[in-house]
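# Residue-level structural notes
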Amino acid sequence: MLGGIAGPLVFLSVAWAVCDIGDVAALGKNGRALISRFLRDNVFTTIATTLICIPIFALPSGSSTNLKDFFSDLMVLTQVWSGTFSQLTTAWFPTMLTAVLVVLFTAGRIAYTSYRSHVPFSKIFKAIRPPMVVGLTTASSSAAYAPMVSACTDELGKGKEQTALGVPLEIVMCQPSTCIQIVILMMYGMQTYGLGADASWYASLVISTILYSIAAPPVPGGMLICYGLLFAQLGIPVDALVVAAAIDVILDYVFTTGRIGGTMLIIVDAARSIGAIDKLTSKGSV
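Residues numbered from 1 in each chain as written. Predicted model: local features only at pLDDT ≥ 70, side-chain atom pairs only at ≥ 80, totals over all residues. Heavy atoms only, no water.

### Focus: the overall build of the protein
Within the protein, the regular secondary structure consists of eleven helices and zero strands. Put simply, the protein runs from its N terminus to its C terminus through helices and strands in the order α-α-α-α-α-α-α-α-α-α-α. With 286 residues in all, the protein has 49% of them scored as buried. Pairs at least 24 residues apart make up 83% of the contacts formed inside the protein by residues separated by at least 6 positions. With the model as given, the accessible surface of the protein reaches about 13,100 Å², and the carbon-plus-sulfur share is 70%. (Helix = DSSP H or I, 4+ residues; strand = E, 2+ residues; numbered from the N terminus. Buried < 20%, exposed > 50% of the residue type's maximum accessible area, 1.4 Å probe, protein only. Contact = heavy atoms within 4.5 Å. Areas by Shrake-Rupley, 256 points an atom, 1.4 Å probe, with all protein chains shown as cover.)

### Here's the deal with unusual backbone geometry
It is generally the case that most residues other than glycine have a negative phi and that most peptide bonds are trans. If you check the backbone angles, A58 has positive phi at about 50° while not being a glycine. Taking the relative accessible area as the measure of exposure, A58 reaches 53% and is therefore exposed. Positive phi, close to 60°, is recorded for H118, a residue that is not glycine. Tracing the backbone shows H118 in the loop between α4 (92-117) and α5 (121-138). You can call H118 exposed: its relative accessible area is 70%.

### A short note on the packing of aromatic side chains
Tallying each qualifying case throughout the model produces five aromatic pairs. Centroid distance W92 to F93: 5.9 Å. Interplanar angle 80°. Geometry classified as edge-to-face. Where Y227 meets F231, the ring centres are 6.2 Å apart and the plane angle is 15°; that geometry is what we call stacked. Here Y227 pairs with F231, and both are found in helix α10 (residues 224-234), just four residues apart, close to one helical turn. One exposure class covers both Y227 and F231, and it is buried. Here a set of aromatic residues connected by ring pairs shows up, and it is made of F57, W92 and F93. (Phe/Tyr/Trp six-rings, centres within 6.5 Å; stacked < 30°, edge-to-face > 60°.)

### Focus: the pattern of salt bridges
Applying the stated criterion to the full structure yields two salt bridges. Between R109 and D41 there is a salt bridge, with its nearest N and O atoms 2.3 Å apart. Taken as a pair, R109 in helix α4 and D41 in helix α2 (residues 24-57) lie far apart in primary sequence, 68 residues in all. According to the relative accessible area criterion, R109 is buried, its value standing at 14%. Connected through salt bridges with shared partners, the residues D41, R109 and D269 form a single ionic network. (Salt bridge = Lys/Arg side-chain N within 4 Å of Asp/Glu carboxyl O.)

### Re α10
Owing to its 3.6 residues per turn, the α-helix aligns residues three or four sequence positions apart on the same side. Along α10, the residues that are buried comprise C226, Y227, G228, L230, F231 and L234. Each element contacted by the buried residues of α10 is listed here: α8 (176-192), α9 (199-215) and α11 (241-273).

### Topic: the nonpolar core
Counting 39 residues, the largest nonpolar core has F57, L59, M186, M187, W201, Y227 and F231 as its most contacted members. Looking at this core, the elements that each hand over two or more residues are α2, α4, α8, α9, α10 and α11. Tallying contributions element by element places α8 first for this core, with nine residues. Among the nonpolar cores identified, the runner-up in size contains 26 residues, and F38, A151, L156 and L165 belong to it. (Core = buried A, V, L, I, M, F, W, Y, C linked by side-chain atoms within 4.5 Å.)

### Points about the side chain of S213
Mapping S213 onto the fold places it in helix α9. Within the structure, the side chain of S213 is placed 2.8 Å from the backbone oxygen of I210, a separation counted as a polar contact. With residues up to four places along the chain from it excluded, the contact list for S213 reads N42, V172, Q175, T178, C179 and I182. (Polar contact = N/O pair within 3.5 Å; in protein donor to acceptor, adjacent residues only side chain to side chain.)

### Quick word on the environment of V238
Within the secondary structure, V238 is located in the loop between α10 and α11. As for V238 and G189, which are separated by 49 residues in sequence, their C-alpha atoms are 9.4 Å apart.

### Some remarks on the environment of P60
Here P60 lies in the loop between α2 and α3 (73-82). For the pair P60 and G194, spaced 134 residues apart in the sequence, the C-alpha separation amounts to 8.0 Å. Once residues lying within four places of it in the same chain are set aside, the contact partners of P60 are L195, G196 and A197.

### As for α4
Between its first and last C-alpha, α4 extends 38 Å over 26 residues, near the 38 Å set by a 1.5 Å rise per residue. Positive backbone phi, at 60°, marks H118, one or two positions downstream of α4. (Expected span 1.5 Å × (residues − 1).)

Right, here's the structure in full:
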């Protein structure tokens, strides 16, 4: 039901933003700047997280060939409903590592914008804090939609065109936090089951993470649809879905917060790159 509602809403939001611009040339310019930066952020975050996690998880060399029947999903569901969560007792490490990296990458994004705009870190954080608080308390980008638009136009001084197109696109394409989550969960699953990984496995991990982060439905728990496919593709026993589902629920609030903050700052960078009026240094509290 959530998927059926969210899909049309996202489509209509993007369509309305496109129609509201009214200029084909401006649409192409804004669209290229926003999409390229959303994708670039996903790619950079995925590669950086993979490089950070390789020495942490220290997977043995070699390729993984331990593939289980996909129908074992039924066994996982049985475990969940029966309340046997013994596997979750060791899941604190990937949970904590994911949360720490999301916070660090978000802080890095604020620091980058602060450096490029010559505006103090604290002032930028103050401008984007209200929508991030909404995301932290609701785990919903949709709930933070109105505060994001207000922060972009009133606090950050971004133009109507960049805001109207960038915020709806964020719900679909800006997924750096999800990329961090996927990489850590996949490598944790490999370590848990004692499976080896070679260069081709890491390459497959990076490519799959980027693609699945965009393909996941923009609704709470949307990544759960993709985990089974990722586990099968990367050679991880599907039993790991129990841990993945629990971590996803716990960290959804953190992911949403990081995504909301990063989106507003990416739109600032996109506006600057196309020569749009950037009032970041002269608007209100910022």
